[in-house]
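Chain by chain, the residues run as shown.
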Amino acid sequence: MAENESVECITEHERILQEIESTDTACVGPTLRSVYDDQPNAHKRFMEKLEVRIRNHDREIEKMCNFHHQGFVDAITELLKVRADAEKLMGQVTDTNRRLQDAGREVTAQTEEVIRCRIQQRNMTTTVERLQLCIPVLEMYSKLKEQLESKRHYAALKTMEQLEKVFIPRVSRYRFCQIMADNLPKLREDIKDISMSDLKDFLESIRKHSDKIGETAMKQKQAEYRYKTGKTLVLTAQDLVDFSPVYRCLHIYTVLGDRETFENYYRKQRRKQARLVLQPQSNMQETVEGYRRYFNQIVGFFLVEDHVLHSTQGLLTRAFTDELWNMALSKITAVLRTHSSYCSDPDLVLELKNLIVIFADTLQGYGYPVNRLFDLLYEIRDQYNETLLKKWALVFREIFELDNYSPIPVETEEDYKSVISRFPFHDAEIEKQDFPKKLPMSQSVPQIYVQVKEFIYASLKFSESLHRSWTEIDDMLRKSTNLLLTRTLSGCLQNLIKKPHIGLTELVQIIINTTHLEQACKYLEDFITNITNISPETVHTTRLYGLSTFKDARHAAEGEIYTKLNQKIDEFIQLADYDWGMPESDGQASGYLMDLINFLRSTFQVFTHLPGKVAQTACMSACKHLSTSLMQMLLDCELKQISMGAVQQFNLDVIQCELFASSEPVPGFQGDTLQLAFIDLRQLLDLFMVWDWSTYLADYGQPTSKYLRVNPSTALALLEKMKDTSKKNNIFSQFRKNDRDKQKLIETVVKQLRSLVNGMSQHS
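Residues numbered from 1 in each chain as written. Predicted model: local features only at pLDDT ≥ 70, side-chain atom pairs only at ≥ 80, totals over all residues. Heavy atoms only, no water.

Visitor: How should I be thinking about the overall build of the protein chain in this particular structure?
Guide: Counting its regular elements, the protein chain contains 26 helices and two strands. Taking 764 residues into account, the globule formula puts the C-alpha radius of gyration at 27 Å, and the protein chain, at 70 Å, lies well above it. Taking the principal axes of the C-alpha coordinates as reference, the protein chain spans close to 240 × 80 × 50 Å. Scored against the burial criterion, the 764 residues of the protein chain give a buried share of 41%. Expressed as a percentage of contacts within the protein chain between residues at least 6 apart in sequence, the contacts between residues at least 24 apart total 78%. (Helix = DSSP H or I, 4+ residues; strand = E, 2+ residues; numbered from the N terminus. Rg over C-alpha atoms; globule rule 2.2 N^0.38 Å. Buried < 20%, exposed > 50% of the residue type's maximum accessible area, 1.4 Å probe, protein only. Contact = heavy atoms within 4.5 Å.)

Visitor: When you look at a nonpolar patch on the surface in this model, what are you seeing that I'm missing?
Guide: Nonpolar side chains collect at one region of the surface, where Phe72, Val73, Ile76, Leu79 and Leu80 lie side by side and expose about 460 Å² of accessible area between them. Overall, Leu79 belongs to the exposed group, its relative accessible area being 54%. (Patch = residues over 30% accessible without salt bridge, like charges linked within 9 Å, V, L, I, M, F, W, Y side chains within 5 Å. Areas by Shrake-Rupley, 256 points an atom, 1.4 Å probe, with all protein chains shown as cover. Salt bridge = Lys/Arg side-chain N within 4 Å of Asp/Glu carboxyl O.)

Visitor: How should the pattern of salt bridges be read in this particular structure?
Guide: Side-chain pairs of opposite charge can arise where the charged atoms are in close proximity. Taken as a whole and judged by the stated rule, the model has 26 salt bridges. Residues Lys219 and Glu215 are paired through a salt bridge, measuring 3.0 Å at the closest nitrogen-oxygen approach. Here Lys219 pairs with Glu215, and both are found in helix 5 (residues 175-227), just four residues apart, close to one helical turn. Looking at Glu215, the relative accessible area reads 23%, which means it is partly exposed. The partner of Arg554 in a salt bridge is Glu518, with the nearest N and O atoms 2.4 Å apart. Of the two residues, Arg554 sits in helix 18 (residues 546-574) while Glu518 sits in helix 17 (residues 504-532), which places them 36 residues apart along the sequence. Overall, Glu518 belongs to the buried group, its relative accessible area being 14%. Because the salt bridges share partners, they merge into one network encompassing Asp95, Arg98, Arg99, Asp102 and Arg105.

Visitor: What is the right way to read the environment of Asp102 from this model?
Guide: Relative to the assigned elements, Asp102 resides in helix 3 (residues 42-149). Taking C-alpha positions, Asp102 is 132 Å from Lys391, a pair spaced 289 residues apart along the chain.

Visitor: It is not clear to me how the domain arrangement of the protein chain should be interpreted in this structure. Could you clarify?
Guide: Accessible area lost on assembly of the parts is the figure often given for the size of an interface. What the domain assignment lists for the protein chain is domain 1 (196-367), domain 2 (387-511 + 533-546) and domain 3 (576-761). When each unit is reduced to the centre of its C-alpha atoms, the spacing between domain 2 and domain 3 is 49 Å. Tallying the contact residues gives four residues for domain 2 and seven residues for domain 3. When domain 2 packs against domain 3, the two sides together hide about 420 Å² of surface, and 95% of this comes from carbon and sulfur. Taken as a group, Leu504, Val508 and Ile511 account for 88% of the area that domain 2 buries against domain 3, more than any other trio of residues on that side. Taken together, domain 2 and domain 3 are joined by zero residue pairs in polar contact (both at pLDDT 80 or more). Taken together, the residues that form the side of domain 2 that touches domain 3 break down as three nonpolar, one polar and no charged. (Domains from an automatic or database assignment. Buried area = accessible area lost by both parts, 1.4 Å probe. Polar contact = N/O pair within 3.5 Å; in protein donor to acceptor, adjacent residues only side chain to side chain. Nonpolar A, V, L, I, M, F, W, Y, C, P; charged D, E, K, R; others polar.)

Visitor: Whenever I open this one, the environment of Lys200 confuses me. Can you help?
Guide: Note on placement: Lys200 falls in helix 5. Note on Lys200: relative accessible area 44%, which makes it partly exposed. Considered as a pair, Lys200 and Asp403 are 203 residues apart in the sequence and their alpha carbons are 67 Å apart.

Visitor: Help me understand the nonpolar core, please; the structure alone is not making it clear to me.
Guide: In summary, soluble globular proteins display a tendency toward joint burial of nonpolar side chains. Counting 201 residues, the largest nonpolar core has Phe295, Trp325, Ile332, Phe359, Ile561, Phe604 and Phe650 as the members making the most contacts within it. When residues in this core are grouped by element, the largest group, 14 residues, is from helix 12 (residues 371-402). Setting aside its immediate chain neighbours within four residues, Phe295 contacts Met218, Leu336, Leu352, Leu355, Ile356 and Phe359. (Core = buried A, V, L, I, M, F, W, Y, C linked by side-chain atoms within 4.5 Å.)

Visitor: Just to check I follow, could you spell out the packing of helix 15 (residues 444-463) against helix 17 for this structure?
Guide: A pair of packed helices can be characterised by two numbers: the angle between their axes and the separation between those axes. Axis separation between helix 15 and helix 17 bottoms out at 10 Å; the angle between their running directions is 30 degrees. By the criterion of interaxial angle, the relationship of helix 15 to helix 17 is roughly parallel. Helix 17 is crossed by helix 15, and the crossing has right-handed handedness. Between helix 15, through Ser444, Val445, Ile448, Tyr449, Val452, Lys453, Ile456, Tyr457 and Leu460, and helix 17, the contact on the second element is made entirely by Asn513, His516, Leu517, Ala520, Tyr523, Leu524, Phe527, Ile528 and Ile531. Tallied by class, the residues present in the contact of helix 15 with helix 17 amount to 14 nonpolar, three polar and one charged. (Axes fitted to C-alpha atoms, helices over the stretch in contact; angles between N-to-C directions. Parallel < 35°, antiparallel > 145°, perpendicular 65-115°, else oblique. Left-handed = near helix turned anticlockwise from the far one by under 90°.)

Visitor: Help me understand the confidence of the model for the protein chain, please; the structure alone is not making it clear to me.
Guide: Detailed reading of the predicted coordinates is not advisable wherever pLDDT falls low. The pLDDT averaged across the protein chain works out to 83; a share of 90% of its residues lies at or above 70. Confidence scores differ between elements of the protein chain, with helix 25 (residues 730-738) showing the lowest mean pLDDT of 49 and helix 21 (residues 644-662) the highest of 92. Scored below 50 in pLDDT, residues 229-233 shows five contacts in the model against residues more than four places distant or in partner chains. Confidence over residues 725-732 falls short of pLDDT 50; this stretch has 16 contacts with residues more than four positions distant or in other chains. (pLDDT = per-residue confidence, 0-100.)

Visitor: Help me understand the packing of aromatic side chains in this model?
Guide: Pairs of aromatic rings are described using the distance from one ring centre to the other and the angle between the two planes. Taken as a whole, this structure holds 28 aromatic pairs when the rule is applied. Measuring from centroid to centroid gives 5.3 Å for Phe302 and Tyr368, while their planes differ by 75 degrees, and the two rings are edge-to-face. Placement of the pair is Phe302 in helix 9 (residues 288-311) and Tyr368 in the loop between helix 11 (346-364) and helix 12, with a sequence separation of 66 residues. Look at Tyr368 and you get buried, because its relative accessible area is 2%. In this structure, Arg267 is placed above the aromatic ring of Phe320, and the distance from its NZ or CZ to the ring centre is 5.5 Å. Here Lys437 stacks its cationic end above the ring of Tyr416, 5.0 Å away from the centre of that ring. (Phe/Tyr/Trp six-rings, centres within 6.5 Å; stacked < 30°, edge-to-face > 60°. Lys NZ or Arg CZ within 6 Å of the ring centre and 35° of its normal.)

Visitor: Teacher, can you tell me more about the environment of Lys81 here?
Guide: By the secondary structure assignment, Lys81 is in helix 3. Separated by 99 residues in the primary sequence, Lys81 and Met180 have C-alpha atoms spaced 84 Å apart.

Visitor: I keep staring at a negative patch on the surface and nothing clicks. Help me out?
Guide: Taken together, the side chains of Glu411, Glu413, Glu414 and Asp415 define an acidic patch exposed on the protein surface. Tracing the chain through its elements places Glu411 in the loop between strand 1 (408-410) and helix 13 (413-422). (Lys, Arg positive; Asp, Glu negative; His and termini not counted. Charge placed at Lys NZ, Arg CZ, Asp CG, Glu CD.)

See below:
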C-alpha cells in the first residue's frame, strides 16, 4: 500500500512540475496550493523532487552554454568591433533626435495654436448657434419693452404669450430666460394696473364729458324739431369721447382671464357715477339752466352706456342698462316732481316741459323707455296750469284795479272796430247810433276776453310735443279754461265785489260786464274748436262752465249791491237826531230822511242799465231795509219815552218814504207793491195817530182787520214808551185834565195787549 501511495505521489508531483513549467506564472498559485492539499509531508517530497528537477535543468543549461560558448565569444568580439560605429551612430541619432525635437517643438506650437483656433472656432460656431436661438427671444423681449413703453398693452400681452409658449421654451436652460419668465407675471400685473389706471382716468373724464355729450345730443334732437328733418342727426358718443381705454382694459383683462373682475368693477363704478349724475343741485328749480345741466349729464351718461353696450360683447347687458335706467327713472321723476312743485313761474315750467320732452325723445331714440316721463309731464301740466292760474289771477286783478267801471266811449269807427276786434260785441241798436257813443261794458271786458284767449294759447303750448291726440288736447284746453273761469276769474270777481272801494256804481257796471262776458263764452268755445278742430258736440267733450261762473259773480254783485245799499241806508239813519220828547212835529220831514230819499232816487237812476229784476229787487230790498230800520229805531229798547209829537214827526218821515215808493223809482212794479214795504210802519203809526184801539182789539185776528200787520207785542212796546210814567208825558197830562177816564182806558188796553202777547207766547 505504501508503495502504491508513493508511486501515486511521485506521479502527481510530476504532473505538478509539468504544469509549473508549462503554465503562466499567474496561474501557479492554484497548482502550488494543490501540493499542500495532498498527504501530510508531501510538500517535502515535492521540494525534493523540485530540487532534482532544478539540478537537471542546470546541467542542461551548462551543457548548452558550453556548446554555444565559442559563438558567444565570437559575438562579443564582433560586438566590440561594432561599438565604435555604434557610438558614431549614437551621436548621429542624438543629433538627429535633437534636430527632430527642435523641429517638432515648432510644429507642436503651431499644432497647439491650430487646436486652440479650432476650439475657438467650434466655440464660436456653438455660440452662433446658441445666439441664433436666443436672438428671437431677445428681439421679442425688446419688442415687448417697446410695446410697454408705447402703451400698446394688448399687443404686449400677445408678445408675452408668444414668449412663454414658443420662444422661451427653446432656450429655457439659460438663466436670462428664466429671469424673463419670472418677470412676465409682474409685467402682466403692471399692465393690469396701468390699464385699470387708464380706465379710472377714462371714468373720471367721462363723468366730466357727460354734460357735453348730453348737450350735443339734446341740441341735435331740438334741431330735428325745429327743422322737422325726420331723420336722426345725433352724433354718436364715440365722436366725442375716446373709448379706447375701455376696450384696451377689457381686452387685457379678457386675455389675462380676469374679465369678470373688470366687468364687476366697471359696472360698480358706473352705478356710483349714475347716483352722482342723478343727484340734483339744491337750487336747480331756480333757472332753466339748472334743469338743462341735469338732463345733459343724464343723457350723456346713458348714451355712453348705450355705446359701450353695443360696442363691447358682454361688458354690459341690456338687463344691466335697464336696471340703471329704471333706477334713474325713479330718481328723475322724484326729483322733477319735487323741484317743479317749487316753481311758480309758468315760463320756467314750460321750458322745463320742453326740456323733458327733448330729454325723453333723445333717450327714446336709443331704446330707453320713457313712458313714465310723459306720465310725469301730465302731473307737471297740472302744476303748469296752477302757475298759469296764479299768473292770470294777478293779470285779472290788475285789469280790475285799472278799470274805471264806466261804459267804453268810442269816438270814431276805428275806435269801435278796435274794441270789437278784441271782443265779440254785437248790438244792432248801438251800431245804429251816431258817433261818439258808448258801449255798455267797461274796458275790463275786452281785456279779460283777450287774456282768456292768451291763457288758452299758453295752456296749448304745454300740450305741444306730448304725443297726444287733438281730442285729448281739446279736453285739456277746455278743462284748464274751466279752471281759469270757475276758480281764478270767479275768485278775482268775488274779491273785487267785496272790496270796500267798490261802490254801487261799480257794482252795477260789474253786473253788466259779467253779462257780456257770459255771452262771450260761446265764442271762447269756438276759439278752442278752431285750434283743435274738435267739435263741441263730440262725445265726452268738456263744455265751458263760464255761464255759471259769471252768473255766480253776478249774483254775488247783486247781493253786494243789496248789502251796500242797506249799509248806505244805515249810514243815513245813523244821522237821524229825533227829539223823542218834542211836544209837536216840525211840520216837515227830517233832513236826514230827505237826503236818504234823494240818494236812493239818484242811485236807482244808475240801475236803469241793470236787468229789470235786479233793479226791482234792489229797490224792494232798500225799501224793506229802510222800513225795518225805522221800525227798529222806534222800538229801540234804549228809547224809554216817546211823545206824541215825536210820533207825528216820525209819521211825516214815513209818509215821505211812502211817497218815494209810490213814485216808481224803478219801473216794473205793479200797483202799490213797493209801498207794501212800509205797511207795517203805516198801520202801527195809524193806530197811534188815530188812537183806534177799539177797532184794533175788536178786529184782532181777523183777515180783514184794518191793523192786520200790527203785532200786539210791537203795539205794547210802543204804548209802554208813551204811557205816563213820570208825569212828563204831555199827552197823558192832557188826558188827566180833560178826561181822567181815558187813563183807565189806556191801562185797559195795555192789559189786553199783554193778554194777547201772553196768548201768542202760550200758543207758540
